[in-house]
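# Architecture at a glance
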Amino acid sequence: MMRKCFLVRCVFMSWMVLSFHSNPVITTFTISGNSTGPDGASVSQGDNLKMTCSSSRNDILVVDWYNKPRGNGYYRMSPTVVMKVDTGGKCLFNPNYPVPTNMNCGCVSISQYTCTLISVETDMKGDMWRCRFTYGTQASSVFANTNELTIDLTVGITSTVISSPIVNPVSVIVNTEGIFQCQTSPGNPVASVVWYTDNKTSVTADDTQITSGTSTTSTPVGDLFVTRGTLTLQVQRDDQDLGVYCRARNMEQWFTSGTKKINVLYGPHPPVCKANNVNVSPSLSVIIGSMFSISCTADSNPLPNIYLLSGPEGNNIALSFTGIAMTQAGSYTVETKNSMSATGSGSPVTGRNSTSFSIDVLYTPSMPTIHVNGSAVKGTVNIIEGNSEVFNCSTDSNPASNYSWIYPRGSTTNRVLQLTNVQPDIDDGDYMCKVQNKLVPSFGSFRNGVNITTITINVLYPPRLPTFKYGTSGGPDISDNTIAIVGGLGATVACVAHSKPAPSIYLWSVTQINSQLLSLSSFNDNTTVQCTAFNTMTETYGSPETRTNVSSLRIVVWQTPQDITLRYHYDKSGYMTVKDSIKVLAGDAFWLSCSVVSSPPSIYTWTSQTASPSGIYNITGGLSTSQQATCLAENFMQTTFNGTVHGTQSADVHVDVLYGPKTKILQDLSLVRGGMLVVPCLYTPGNPPAVSFEWTRSDTSASWVKQNTQNLTIEYVQRSDDASYTCKVSIVLQPTLTTATTVKYDTATFHLDVLYGAEHLILQLNNESHSSVVIEEHSTNHMRCSLESDPGSYMALTKDGTQLIARNETHQLTYDLRAECSDKGVYTCSGYNRHGAANNASMHLYVKCSARRPPEVDVQLIYNARQHENATLVYQIVAYPEPKPAQFVWKRCMNSSCAPLTNDMKKFKIDTERLSSNLTVLDVQIEDYRIYQLSVSNGVGDSLVERFHLRPTEKPDLPTDVHIIQDTITDRTAVLTWIPGIDNGSPQDFHVSYRKLVDETSLLRLIVKHDYTKEMYYKIVNLEPGTKYLVSLFAANEEGSTAWVNDTFQTLERISDNPVSNPNTGSIVGGAIGGTVGAIVAIVVIVVILRRQYFLKCYICPNKKSADSDEQTVIGRDNPGSNTAEAHDDVSMATGTLVYDVLRNGDKGSDNSHVYMTLNESSQEPQGNYENVKKEDPVYNHAEQTNPVQTGL
């Protein structure tokens, strides 16, 4: 590829050289624009400007476009675009000068060429353009420049606003002037401003233009002008809510401001005042105590800010009345004010006006007063049964009130009420005197004025015959004046006599104290008692009178069980009285008995036994466990109010059953030799729990001393302690019947097995044990490791810490070895079981072998370095014995011959240590970029010879296999993968960009650091479901960048919230995020397979970069005429190299050529701008562009 590109550059070099020997033909060369102005270069901001370079000649070879930015004294040395028409009529572009993203260039004919500036902006104003034509023949060519085209920018205003007043609406006092100012955005030329009034319709066609009171000024802002219009308007009352706005333009388009509404201010008219929607003028009638507010309105703008009320009680009183009184009746005046503040004016202007009215107060009757015998009475009036009384009612009201009486026997309309022979219940109750009148206010409904006074007549009478109640005075009646109770339970009876007032004294015959209640808890025998009731009656304004009455009550008393006694019977005639416990031997027969005093007689029930009148509990079979025995004595007593009362008494006796201990099974034990043995004699305690222990040993001839503790203890276990051991547990039982005392015991046995750990470990090679062994390469060897242990051990054989073989429960390991150079190392055998580990055994094994590369190591043989830097070539070998430093020989090669290097040469530095040797080339020059050779020998076999290539640092190689992993595509994410190319001596980054295929504005860019893995991944997130995307990637380092590589893909339709997924999918996503993918598995999703779209695959020659270049030389990326390039219009690129930069830097011209090649030629090269990376689909290397204007090179 490098050879082919060199040939192309040579062809163009010949064009340039021959141009100095051709004879120019007199002709004209012009450049013009398609816009306004003398040369068509006056263009509005944001519009496109098409520039055309023309010549009447038809032998044009090349056209170069040059640009001089505003403020620069000279044109740029490098052309912006280089183009030509080939013999086949195709428009070709020099790949070293890609068309900028804001330009679109094409060939109209061999004598006419166009470039369009897309969306001209303000920073382009004053920029100058010209074309240089190269014409003639390849044998004789001439350069000629066109005239200069200077871009002049016409800037239309983009907006207009009313800048003063700022507020909306604008307040103006009636019959004064309002001033408005309108301001445009910067533009060129100066804009015209027109004022309008809004006629309050939905359209502006009927709005009225204001022709008087207007003026216009302008102010320069840089190259542009800001226009200001002023309107002075005389405001009248009917201008309220009138809208005012301005319109402005400096080109064809009008811009309209927002509308300012006028708020006309004026003072208040005389206020109109109302109370509850009723006019207060000339007067207002209200009910005393009413709550109402007087609301006043006055026509003004703004509305009145204060209403001041003055009247009988003074000035500045509240307009709200809460509970109006008679003193508030009279004449009132309301004065109102407003404050008018015009927009932009100083102090406000005050307007004022007033009105007058009167208030008349109405009120209801006062509370009536009732008199008896000339004295006023309230509340309750007491009258003794059979007496008479007269009541008089009076009140004060306006208007006068009507009177009426309502009382228990009926009603009357007289002011005076007379009662005779009053009786309880009939004349008891409320007596109400009612007075009423009718109030008619000015507003609201009329009201009936009503007032009432009520007294209560209380008819007094002496006690009736007393009755008896159970519990309390509100309890149930005691019929026949007879009650049956249980003695000692605290029953109570009440004596109740009806009278008014209630009896003040209840006197019982048995106690002679004043109490309505009598407690029966102290009664133990049947008896009869009497109750006498007393009350005292006093009439209102009368003297007290005392009366009495008496009744008798009969009481019957029952007794519950008491004084329980328990007995323990141990034979037919022997027994003893017990209180709470006895001790018996397990299995011995006995019986218990109990008795009480009660009325009626009791029956007896022992625990788990049937009730009987005897009270005997017979235990003929004895007991096995201790238990609680309870004797329950009970009788049943019929009472008057508590029904049948259940009387009980119980007593408990704890039967403590005595029995011997039971030993538990002892498990056989295994214990490591030298350990301490402690074995408890496990047993279930007897009753009582105190026991004695005795340990004995059998099955051994060794001496033994019995142990009398619960734990068997052997401080240091020896092999001789392997035996059976027996524990004996005993107890003395002493029951309540002391003549039955006895001894009980039990035994248990276990066997002790003594264990030991791994020991005596030996490692042998070919039946010999040495710490260090040297063997020949390819020799056959047998390695064996053995030990002693009980039980078997876990054994492992390792080499330099890496396990070779391991086995459990064994005493030996074997390992066969056919020696290789890589078998050199330290072999270690280890073994252990759960009782201990043996000491490890190690052997250092050396294998004689010649010098060679380390196995499974990627050896670096190509090194890159910049001029004047130091470059170090590093190499490490594997060999035994280790070569001496003198056996590492470095050489520098030219063609087929190599010359040795030594440290004596100031140009080179050699560092050799053990198996590693480094060659450092100091201050690298161009002649140092060549082949270097290292040969190593250690006297075993052939010498090792390696050749190293020192090359200049260059831009990275093109990434390969760039594609989206199909199985990782979801509705929101996808994983991009690629294989990095060689970085050629300078660390590289990867520039990734992606966007929607049909939406160039959605482009996103990012940089991925090189992680030095063989294959890299990046997870793209936040995608839209069901959308086609274009993803692009190139590599870049400090020396330059590669071409773009593209792929397209389509996201899935939206996935449900609970998709069925393959459990291995997580490894793909996780790997993508981390930089590597361990495994790729299919995502189980039902999708519609969509046919993927692929772009044209194009290739170009590699580009050379100079140190100060600032442009990327990639054909197609910035060329809007290429379908492929459209995907990258907005992608920022790494810097590239301009061909003309080489000329400026003093190059002799080897690269001073326009590089062109057809699609078919470029597709044969390994490096390309765009590469279709989907392997299973066909690649269209020879596809034709359908756009005849511009073709990728």
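Residues numbered from 1 in each chain as written. Predicted model: local features only at pLDDT ≥ 70, side-chain atom pairs only at ≥ 80, totals over all residues. Heavy atoms only, no water.

### Thoughts on the overall build of the protein
The condition that has to hold: Runs of H or I in DSSP of at least four residues are treated as helices and runs of E of at least two as strands, each being numbered from the N terminus. Here's how the labels work: a residue is buried when its accessible area is under 20% of the maximum for its type, exposed when over 50%, partly exposed in between, all with a 1.4 Å probe on protein chains only. Every accessible area reported is derived by Shrake-Rupley at a probe size of 1.4 Å, with residue values counting cover from the shown protein chains alone.
Check the secondary structure of the protein and you find 4 helices and 87 strands. Expressed as a percentage of its 1193 residues, the buried residues of the protein come to 43%. When the accessible area of the protein is evaluated, it comes to approximately 60100 Å², of which 50% is carbon and sulfur surface.

### Looking at the state of the cysteines
Formally: Whenever a pair of cysteine sulfur atoms sits within 2.5 Å, that pair is classed as a disulfide.
Per the stated rule, a full pass over the model turns up 12 disulfides. The disulfide that involves cysteine 273 links it to cysteine 296, with 2.1 Å between the sulfurs. Taking the sign of the S-S torsion, about 105 degrees here, the bridge from cysteine 273 to cysteine 296 comes out right-handed. Remark: cysteine 296 occurs in strand β26 (residues 291-297) and cysteine 273 occurs in strand β23 (residues 272-275); sequence separation between them is 23 residues. Residue class for cysteine 273 comes out buried when judged on its relative accessible area of 5%. Covalently, cysteine 893 is tied to cysteine 898 through a disulfide, its sulfur atoms 1.8 Å apart. One quick way to see it: the torsion about the S-S bond of cysteine 893 and cysteine 898 is about 105 degrees, and its sign makes the bridge right-handed.

### What to know about the sheet that holds strand β36 (residues 402-407)
For clarity, the threshold we go by: One bridge is not enough; two strands pair if DSSP finds at least two bridges between them. All axes are obtained by fitting lines to C-alpha atoms, using only the stretch in contact for helices, and the reported angles, taken between N-to-C directions, cover 0 to 180 degrees.
The 5 strands lie next to each other as β34-β40-β39-β36-β37, forming an open sheet whose pairing is mixed. In this open sheet, the two strands that pair with only one neighbour each are β34 (379-384) and β37 (410-412). Within this sheet the neighbouring strands show an average axis-to-axis angle of 20 degrees, counted without direction. Two strands pair when backbone bridges link them, and β36 and strand β39 (residues 429-439) are joined in this way by 5 bridges, in the antiparallel orientation. Looking at β39, one finds that isoleucine 406 is bridged to methionine 432.

### A word on the pairing of strand β70 (residues 841-852)
Strand direction decides the pairing type here: strand β63 (residues 772-776) and β70, joined by 5 bridges, are parallel. Residue valine 774 lies in a different strand from β70, and its bridge partner there is tyrosine 846. The sheet contact formed by strand β68 (residues 825-833) and β70 spans 5 bridges and is antiparallel. Its bridge partner lying in β70, cysteine 829 is registered against alanine 841. Across 2 bridges, β70 lies against strand β73 (residues 878-880) in antiparallel orientation. Following the sheet pairing, cysteine 849 is matched in β73 by tyrosine 880.

### As for the nonpolar core
To be explicit about the condition: To define a nonpolar core, start from buried Ala, Val, Leu, Ile, Met, Phe, Trp, Tyr and Cys residues and group those joined through side-chain atoms within 4.5 Å. Any two residues whose heavy atoms approach within 4.5 Å are treated as being in contact.
Ranked by size, the top nonpolar core spans 35 residues in total, and within it Trp65, Met83, Tyr113 and Phe133 carry the most contacts. Counting residues per element, this core draws most heavily on strand β9 (residues 128-136), at 4 residues. Excluding anything up to four places from it in sequence, phenylalanine 133 contacts Phe29, Cys53, Ser54, Ser55, Ile60, Val62, Val63, Tyr113, Val142, Phe143, Ala144 and Thr146. In this structure, Ala865, Leu901, Phe908 and Leu919 belong to the second largest nonpolar core, which totals 24 residues.

### Considerations on the pattern of salt bridges
Condition: Definition used for salt bridges: Asp or Glu carboxyl oxygen within 4 Å of a side-chain nitrogen of Lys or Arg.
Applying the stated criterion across every chain yields a total of 23 salt bridges. Ionic pairing is found between glutamate 1039 and arginine 866, a salt bridge with its closest N-O pair at 2.8 Å. Residue glutamate 1039 is found in the loop between β85 (1028-1037) and β86 (1040-1041), and its partner arginine 866 is found in the loop between β71 (862-865) and β72 (871-876); the two are separated by 173 residues along the sequence. Relative accessible area serves as the criterion here: at 23%, glutamate 1039 is assigned to the partly exposed category. Through salt bridges with shared partners, a single network forms among Arg866, Glu869, Glu1038 and Glu1039.

### Digging into the environment of glycine 222
The residue glycine 222 is located in the loop between β18 (214-221) and β19 (224-234) in this model. Taking C-alpha positions, glycine 222 is 9.1 Å from proline 186, a pair spaced 36 residues apart along the chain.

### Focus: the sheet that holds β19
Read from one edge to the other, the open sheet built from 4 strands follows the order β13-β15-β19-β18, with strand pairing classed as antiparallel. In the strand order of this sheet, the two ends are held by β13 (160-164) and β18, each with one partner. Each adjacent strand pair in this sheet contributes to an overall mean axis angle of 25 degrees, direction not counted. Bridge count for β18 against β19 is 8 bridges, and the pairing is antiparallel. Looking at β19, one finds that threonine 214 is bridged to leucine 231.

### Considering a negative patch on the surface
Inclusion rule: Like-charged residues within 9 Å of one another, or nonpolar side chains (Val, Leu, Ile, Met, Phe, Trp, Tyr) within 5 Å, are grouped into patches, provided each residue has over 30% relative accessible area and no salt bridge. Two residue types count as positive, namely Lys and Arg, and two as negative, namely Asp and Glu; His and chain ends fall outside the count. For the purpose of locating charges, the reference atoms are NZ of Lys, CZ of Arg, CG of Asp and CD of Glu.
A grouping of Asp668, Asp722, Asp753 and Asp790 is seen on the molecular surface, where their side chains present a negatively charged patch. Its location among the elements puts aspartate 722 in the loop between β60 (711-714) and β61 (724-733). On the accessibility criterion, aspartate 722 (31% relative accessible area) is partly exposed.

### Brief notes about the environment of cysteine 821
On the secondary structure map, cysteine 821 appears in the loop between β67 (812-818) and β68. C-alpha of cysteine 821 to C-alpha of glutamate 777: the two residues are 44 residues apart in sequence and 6.4 Å apart in space. Not counting chain neighbours up to four residues away, the residues in contact with cysteine 821 comprise Glu777, Val847, Cys849, Arg852 and Val878.

### Side note on the packing of aromatic side chains
Formally: In this scheme Phe, Tyr and Trp rings, the latter by its six-membered ring, pair at centre separations within 6.5 Å, and the angle between planes marks the pair as stacked below 30 degrees, edge-to-face above 60, and tilted otherwise.
Enumeration over the complete set of coordinates arrives at 28 aromatic pairs. Measuring from ring centre to ring centre gives 4.4 Å for tyrosine 470 and phenylalanine 641, while their planes differ by 15 degrees; the resulting arrangement is stacked. In this pair, tyrosine 470 is assigned in strand β41 (residues 467-470) and phenylalanine 641 in the loop between β53 (627-638) and β54 (644-658), connecting sequence segments 171 residues apart. For tyrosine 470, a relative accessible area of 18% corresponds to the buried category.

### Quick notes on unusual backbone geometry
Here the residue pair serine 599 and proline 600 is connected by a cis peptide bond, since its omega of -5 degrees sits within 30 degrees of zero. A cis amide bond links aspartate 790 to the next residue, proline 791, at an omega of 5 degrees. Positionally, proline 791 belongs in the loop between β64 (780-790) and β65 (793-799). If you check the backbone angles, asparagine 895 has positive phi at about 60 degrees while not being a glycine. Mapped onto the elements, asparagine 895 comes out in the loop between β74 (888-894) and β75 (897-900). For asparagine 895, a relative accessible area of 74% corresponds to the exposed category.

### A closer look at the environment of alanine 329
Along the polypeptide, alanine 329 turns up in the loop between β29 (320-322) and β30 (330-340). Between the C-alpha atom of alanine 329 and that of proline 312, which follows or precedes it by 17 residues, the distance is 7.3 Å. Other than its neighbours up to four places away in sequence, alanine 329 contacts Pro312, Ile359 and Val361.

### Description of the side chain of glutamine 328
Applied cut-off: N or O atoms within 3.5 Å of each other form a polar contact, as long as, within protein, one can give a hydrogen and the other can take it, and as long as residues adjacent in sequence are counted only when both atoms are side-chain atoms.
Along the chain, glutamine 328 turns up in the loop between β29 and β30. Separated by 3.5 Å, the side chains of glutamine 328 and glutamate 313 make a polar contact. Residue contacts for glutamine 328: discarding those within four places in its chain leaves Pro312, Glu313, Phe321 and Gly323.

### Some thoughts on the confidence of the model for the protein
This is how the line gets drawn: pLDDT is a residue-level measure of predictor confidence that goes from 0 to 100.
The predicted model of the protein has a mean per-residue pLDDT of 83, with 86% of residues at 70 or higher. Confidence scores differ between elements of the protein, with helix α3 (residues 1139-1144) showing the lowest mean pLDDT of 32 and strand β81 (residues 974-979) the highest of 96. For the stretch residues 1-25, pLDDT sits under 50, and the model shows 56 contacts to residues farther than four places along the chain or on other chains. Throughout residues 1059-1193 the model reports pLDDT below 50, and contacts reaching past four residues in sequence, or to other chains, amount to 336 contacts.

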